[in-house]
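Overview (structure and organization)
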Amino acid sequence: MTAVISSTDVCRFFGDEEATLVKAVDHVSIEIERGEFTAIVGPSGSGKTTLLHLIGGLDNPTSGAVHLSGTNIAEMTGTALSDFRRDHIGFIFQAYNLIPVFSAEENIEYIMLLQGVDAAERKRRVAAMLAQVGLEGLGDRRPNKLSGGQQQRVAIARAMVSHPEIILADEPTANLDSKTGIALLDLMKELNEKHNMTFVFSTHDEKIMKRASRLIHMLDGKIDLDESK
Amino acid sequence: MQTASLAFRNLFRNTRRTVLTVMLIGFSLTALIAFDGVMRGMITLMVDNITGTLTGEAQIHRAGYRENLDVDLYIDDAGEIEDRLQQDSSLRAFAPRVISGAMISSSYNVGAGIVYGIDAELEQGISKVRDAVVDGEYLSGGESELLIGLSMAELLEVGLGDRIVLTLSEVDDGELAQALFRVSGIVEFGLRELDENFAFINIASARQVLGMTDQQAHEFALNFITPLTMTNTDSALLEELNGEEIEALNWLELNPDISLILELSRYSSLMIGAVLFLLASLGVINSMFMSIYERIYEFGVIKAIGTRPRDIRKLILYEAFFIALISCGMGLLLGAAIGAYTSSSGIAFGEMEFSGIALNNAIFSEFHPIQFTQFPVYVVLLTVVAAIYPARFAARIIPSEALQRSL
């Protein structure tokens, strides 16, 4: 197995003075292999979201290295980092993560426009993704005309449509009712198994923990426990 | 294209703010168009009053005459100049004048003034003396006819038919000469200087009293077929006539102080425009920042999924561009409507005198192509320039901070 994500001694500290220094992520080293369905879990303030942001190149570490598919993204900035995220990582956030003035189709299509995918291919992939996430016939609806669950399905479709190697999901079920949350997780698990796509969650949702193949427990910015099922 | 489409749709997310911003910019453009139209109308009125009241668009004198209005510095070969003027196709009208300072006496009082000897017929093509008659009759060529300013008539306590004695110095020898006239008309120009100090008699009578021949005159006033405006004062005729003996000057050269005032008036639109658009630009910056702060989570998301900083900058600049376009549409329509109204109905300020120039008519706003071409271009450019700062701010948003801040 190859490590698609690898963090080496990565730290993210906030504040300058020792008295007020917050060690959100403190010397964390992990390796996540292709096709894993991993959940980073822990109480609020444990550093799980910060670690997810560091893995996703949304934040730069104070020290240490983060390798994604062999590239150290901790050294990347600006346009290069934007392009790397666009081409290699799919993101799913909590609710309200769609562009409200775009329809579901346009939201899914947006990332392919950034990639310069031609119109016919975009159309084909959007239709396929809508079918995969069970939103056929709802592509022309704007987010405010979709339920919370349907919006997250669109977000999943957007995250997957560019065929990224990794999908990072930050509390994707936090704003959903239990039934919708389970349906979405089953969908993501199915996509993970079907496409061998790597999923990393930041969560304290029991439903995700139950489905995850690996749980990384965080406490006070450090890995407290790393267990594979 | 997607960025432009997203930017355009974003305008309707907070319609109230967009409408307020559009109104701020649009009304600024409207105000600028209206102000520029009124300023242009005022300048036209001022120029008309300067050239149309008495001065004419140009004058010919003997060199040195204008320095102290010395009656001895008359044009000796006025007949020759008159022939030349009659042949010139660029002229609409000209009129010879004889001018002298005089003591003007009635049975009740005495005052000092300036007496113009005018050709009653030719003068109508130059000045407003005939139109200024408020009582009695305009000159008909009679020997003892005299028109007197309203204020001077009040000072001298005279009315129509009353006797006036003019005492003046004859040309060349300086001998005092007196002549008796009867008030045939009272004139009112609405300009203090003219109404208090001026009297008009027939040019033949003036020449006779001053001891001048009918080939002599102090001044020729000229009006051209293509009027000499502020921006068009070139005349081949004036150039040709100018020489060692003769001085031929356009109205701007005759009134250098007024020329400066008019020049300042022209630039006032620019100054008002600068102030208006500085304020509007601050409004745009404020509005854009509010819009960015409202969408900070969304910027975090779209940056996270791979939108480049320059695409975010483009998005904000497009939004500003579309706001500017809509504002221009509104501003131009309103500006045209206000301009159309004020150019047909005029704006009556009552009688007023501005730096010696009478503004006793309504000011009619004037359209000019730059109001509908250059002004909107400035608006679009300034709005987009004002949006650069917010756009740079949005482009530098750090996704992890944006995503956490609004959660």
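Since the structure is predicted, the reported quantities are computational estimates derived from the model, not experimental observations.

**Details of the overall build of chain A**
In terms of regular secondary structure, chain A is built from seven helices and ten strands. Over its C-alpha trace chain A gives a radius of gyration of 17 Å, about what one expects of a compact globule, namely 17 Å for 229 residues. Its C-alpha atoms give chain A principal-axis dimensions of about 55 × 40 × 35 Å. Per-residue burial for chain A yields a buried fraction of 56% across its 229 residues.

**Side note on the overall build of chain B**
Assigned secondary structure in chain B consists of 16 helices and twelve strands. Against the globule reference of 22 Å for 407 residues, chain B gives a C-alpha radius of gyration of 32 Å, more extended than a compact globule. Dimensions along the principal axes, computed over C-alpha positions, put chain B at roughly 100 × 45 × 30 Å. Buried positions account for 52% of the 407 residues belonging to chain B. Partitioning the intrachain contacts of chain B with sequence separation of at least 6 by distance along the chain shows that 77% fall at a separation of at least 24. Of the roughly 18700 Å² of accessible surface on chain B, 56% is carried by carbon and sulfur atoms. One finds the centroid of the 26 positive side-chain charges in chain B at a distance of 28 Å from the centroid of its 50 negative side-chain charges.

**Focus: a positive patch on the surface**
Residues and elements named next belong to chain B. A cluster of like positive charges, contributed by Arg310, Arg313, Arg392 and Arg396, occupies part of the molecular surface. Note that arginine 313 resides in helix H12 (residues 309-345). We classify arginine 313 as partly exposed; its relative accessible area is 34%.

**With respect to the interface of chain A and chain B**
Each partner contributes residues to the interface: chain A has 28 residues there, and chain B has 24 residues. Contact between chain A and chain B buries roughly 2300 Å² in total, counting both sides, with carbon and sulfur atoms accounting for 61%. For the pair chain A and chain B, the number of links is two salt bridges. Aspartate 83 of chain A is paired through a salt bridge with arginine 308 of chain B; the nearest N and O atoms lie 2.6 Å apart. One can count seven residue pairs in polar contact (both at pLDDT 80 or more) joining chain A with chain B.

**Notes on the domain arrangement of chain B**
Examined at the domain level, chain B breaks down into domain 1 (2-49 + 259-405) and domain 2 (58-226). Placing a centre on the C-alpha atoms of domain 1 of chain B and another on those of domain 2 of chain B gives a separation of 53 Å.

**Focus: the packing of H12 of chain B against helix H15 (residues 388-395) of chain B**
When two helices pack together, their arrangement is given by the angle between the helix axes and the distance between those axes. Residues and elements named next belong to chain B. Orientation of H12 relative to H15, taken along the N-to-C sense of each, is 145°, at an axis distance of 8 Å. You can see that H12 and H15 cross each other, and the crossing is right-handed. Contact with H12, carried on its side by Pro309, Ile312, Arg313, Ile316 and Leu317, involves Ile388, Pro390, Ala391, Arg392, Ala394 and Ala395 of H15 and no other residues of that element. Here the contact of H12 with H15 is built from residues that sort into nine nonpolar, no polar and two charged.

**What about the pattern of salt bridges?**
All names here are of chain A. According to the stated counting rule, one finds 24 salt bridges over all chains in the structure shown. Between arginine 214 and aspartate 226 there is a salt bridge, and its shortest N-O distance comes to 2.7 Å. Of this pair, arginine 214 sits in strand S9 (residues 214-219) while aspartate 226 sits in strand S10 (residues 222-228), and the two are twelve residues apart along the sequence.

**Some words on the layout of surface pockets**
Residues and elements named next belong to chain B. Considered as a void within the structure, the largest pocket measures approximately 850 Å³ in volume. Considering the residues around the largest pocket, the lining is formed by 34 residues, among which Arg40, Ile43, Met230, Arg266 and His368 are closest to the centre. Elements with a contribution of two residues or more to the lining of the largest pocket: helix H2 (15-55), helix H10 (256-294) and helix H14 (374-386). Sorting elements by how many residues they give to the lining of the largest pocket places H2 first, with ten residues. Looking at the lining of the largest pocket residue by residue, the classes come out as 15 nonpolar, eleven polar and eight charged. Both domain 1 (2-49 + 259-405) and domain 2 (58-226) contribute no fewer than three residues apiece to the lining of the largest pocket.

Conventions we followed
Residues numbered from 1 in each chain as written. Chains lettered and ligands numbered in written order. Predicted model: local features only at pLDDT ≥ 70, side-chain atom pairs only at ≥ 80, totals over all residues. Heavy atoms only, no water. Helix = DSSP H or I, 4+ residues; strand = E, 2+ residues; numbered from the N terminus. Rg over C-alpha atoms; globule rule 2.2 N^0.38 Å. Buried < 20%, exposed > 50% of the residue type's maximum accessible area, 1.4 Å probe, protein only. Contact = heavy atoms within 4.5 Å. Areas by Shrake-Rupley, 256 points an atom, 1.4 Å probe, with all protein chains shown as cover. Lys, Arg positive; Asp, Glu negative; His and termini not counted. Charge placed at Lys NZ, Arg CZ, Asp CG, Glu CD. Patch = residues over 30% accessible without salt bridge, like charges linked within 9 Å, V, L, I, M, F, W, Y side chains within 5 Å. Salt bridge = Lys/Arg side-chain N within 4 Å of Asp/Glu carboxyl O. Buried area = accessible area lost by both parts, 1.4 Å probe. Polar contact = N/O pair within 3.5 Å; in protein donor to acceptor, adjacent residues only side chain to side chain. Domains from an automatic or database assignment. Axes fitted to C-alpha atoms, helices over the stretch in contact; angles between N-to-C directions. Left-handed = near helix turned anticlockwise from the far one by under 90°. Nonpolar A, V, L, I, M, F, W, Y, C, P; charged D, E, K, R; others polar. 1 Å grid on protein atoms, 1.4 Å probe; cavity = no way out; pocket = protein on both sides within 12 Å on 5 of 7 lines; lining within 4 Å. Points joined across faces, edges and corners; volume = space filled by probe spheres on them.

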